[in-house]
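One letter stands for each residue in the lines below.
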Amino acid sequence: MPKPNQKIKILYIDDEQNNLNSFKAVFRRDYEIYTALSAEEAVGILNEHADVHLIIADQRMPKCTGVEFFASIIKEHPDPRRILLTGYADMESLIGAINNGNIYRYITKPWNELELRNTIQNAYEAYRVNQELKEKNQELTKVNEELSRFIYSASHELRSPLLSVLGIVNLAKLENSVVDPYGYLNMIANSVHQLDGFVLKLIEYYQNTRVESIFENINFNGLIKETIDSLNVDTDLVKHEFCVDQEIPFFSDKFRVGLVLKNLIDNALKFRRLSEPFPVVKIKVKVDSENATVLIQDNGQGIQEEYLNKIFTMFFRTKIEHEGQGNGIGLYIVKEALNKMNGTISVQSTYNVGSSFEVIIPNIQN
Amino acid sequence: MIVDDSKIDLFLHERFIQLSGICDKVISYNNAESALQYINENSMMPSELPAIVLLDIQMPEINGFEFLNRLQQFPESVRTAITIIMVSSTVDHTDINRLEDYKNVKCLLKKPLDPDQLKGVLEKINSNVKVGDVS
């Protein structure tokens, strides 16, 4: 990034030595000036002084026009702003060059000092803003990557000792080696499970941001069965039923579709209403050539109206009034995964009656 | 044989195996290098080779996959004598899919190890192994 109070570095190319001399004479005190009589010489200077801020070139030069010169260096030296000096007769080529985005401004010859000076200042400002943006972007990419890596390794490092604790509890139970009349071991196991659940959600979040999309044919019947199996549903506690209307192939990102289903079904199971004697989760899928529409309905706790627009926010939780509390990540992951697939979600819910989530995911036929 | 960088997990898995009553000898290593060295030193003595290796995936220096790759460089007599059970906390799909490429990997068990599940798998492998080869 250019330092404050640094002189603006300008490379000026013109095949007439007189023009170079007069430019230098006017601006030498204010700017650091490099001059070249030909395109070849200019490229040499650019290679040596990669930090040149602005390039001014005459359009009419014998071997190579100013526009051609700019086009030839844009790949190797994209950063310097480019200013073209030209007579009125060169309008045609000028329009093309400006439209191609190769040139910041053009100045008609003979130039007047005030106009050129203003143009140089403006061009430099544009250069500076562009550089700053570029650096901010690089910084952001780096921070983002570090954050993801941090989440990933922290999650793994957090999980292993937790799973060891669960292992010890299992062993103690198996050996019957701990006197535990009040069920403390189960309390330990439950707390550890809860923490592990949170860490697993962090990993899911990480996977959603990082894992590349792979589009494949998705069979909803199979995917929903797999998902429900992976959730270890206690079928005595909550009934589930699903009906899939899929006559044509559905192509999408299987990992993320699975993530959405898993979190929504998990919520429907988890937030059942204790006063409801027959908790049930209903899943309906309809696939057409455009979309898959997934409806997940429960007769659970429901969501109070004032919270409905906040539930997809990271770490948002409603007041804890029931057991089986959430960690505020599940629906955020759902929303993020759907964003990646250009899908949408809508929710209808009545407190103490139940919730219904409708998800629409585009069918990527190609 | 058990290979796991966590000493607690080594102990736990050793106990689970003992309690299952299926294996009469367990060798534990908290790093893959020493485990490979043991296999190398006993490569000519089939009776000393482990019939089953419980292998962790995430370990410093040599991880589970590198262990499997190194194992493939051993002579066939060694490779076929050993059946691998991966034991890991991984939820990484690429990890899980990668395991399909290894012929002597029997299955992946998730941590925390479920003693009954482990017992089932050990019994299944055991029924295919000659008496005397059990480590």
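As the structure is a prediction and not an experimental result, all values here were calculated from the model.

For the rest of this paragraph, the subject is the overall build of chain A. Tallying secondary structure elements over chain A gives 9 helices and 12 strands in all. Residue burial in chain A is summarised as follows: out of 366 residues, 29% are buried. Counting only contacts in chain A whose residues sit at least 6 apart along the sequence, the fraction spanning at least 24 positions is 66%.

Our focus in this paragraph is the UniProt feature "modified residue: 4-aspartylphosphate" (unreviewed entry) in chain B. Residue and element names in this part refer to chain B. If you check UniProt for "modified residue: 4-aspartylphosphate" (unreviewed entry), the listed places come out as Asp56 in our numbering. Topologically, aspartate 56 is positioned in the loop between β3 (52-55) and α3 (64-71). With sequence-adjacent residues up to four places away left out, aspartate 56 is seen in contact with Val3, Asp4, Asp5, Gly64, Val87 and Ser88.

In a beta sheet, neighbouring strands pair by backbone hydrogen bonds and run either parallel or antiparallel. Taken in spatial order, the 5 strands of this open sheet run β2-β1-β3-β4-β5 (chain B), and their pairing is parallel. Since the sheet does not close on itself, it has two edges, and those belong to β2 (28-29) and β5 (105-110) of chain B, each with one partner.

Time to look at the interface of chain A and chain B. Each side of the interface is counted separately: chain A has 14 residues, and chain B has 14 residues. Residue assignment for the side of chain A that touches chain B shows that the elements contributing at least two residues are α5 (113-175) and α6 (184-210) of chain A. A total of 11 residues in the side of chain A that touches chain B trace back to one element, the largest contributor, which is α5(A). A per-class count over the side of chain A that touches chain B returns 8 nonpolar, 5 polar and 1 charged.

Residues and elements named next belong to chain A. Taken in spatial order, the 5 strands line up as β7-β9-β10-β12-β11 in an open sheet, and their pairing is mixed. Each end of this open sheet is capped by a strand with a single partner; those strands are β7 (239-245) and β11 (344-350). Neighbour-to-neighbour, the strand axes of the sheet open up by a mean angle of 10 degrees, direction not taken into account. Relative to strand β10 (residues 291-298), strand β9 (residues 280-287) runs antiparallel, the two sharing 7 bridges. By the bridge assignment for β10, isoleucine 283 is matched with isoleucine 296. Against the sheet, helix α7 (residues 220-230) engages β7 and β9, with an angle of about 160 degrees to β7.

What follows concerns the packing of α5(A) against helix α1 (residues 7-20) of chain B. Across the interface, α5(A) lies against α1(B) with an axial gap of 10 Å and an inter-helix angle of 30 degrees. Comparing their axes, α1(B) and α5(A) come out roughly parallel. Relative to α1(B), α5(A) is oriented so that their crossing is left-handed. Taking contact as the criterion, the partners of Ser164(A), Gly167(A), Ile168(A), Leu171(A) and Leu174(A) in α5(A) are, on α1(B), Ile8(B), Asp9(B), Leu12(B), Arg15(B) and Leu19(B).

What counts, and where the lines are drawn
- Residues numbered from 1 in each chain as written.
- Chains lettered and ligands numbered in written order.
- Predicted model: local features only at pLDDT ≥ 70, side-chain atom pairs only at ≥ 80, totals over all residues.
- Helix = DSSP H or I, 4+ residues; strand = E, 2+ residues; numbered from the N terminus.
- Buried ≥ 20, exposed ≤ 12 C-beta atoms within 10 Å, placed from the backbone.
- Contact = placed C-beta atoms within 7 Å.
- UniProt positions renumbered as here; feature names shortened; annotations may be inferred.
- Pairing = 2+ DSSP bridges.
- Nonpolar A, V, L, I, M, F, W, Y, C, P; charged D, E, K, R; others polar.
- Axes fitted to C-alpha atoms, helices over the stretch in contact; angles between N-to-C directions.
- Parallel < 35°, antiparallel > 145°, perpendicular 65-115°, else oblique.
- Left-handed = near helix turned anticlockwise from the far one by under 90°.

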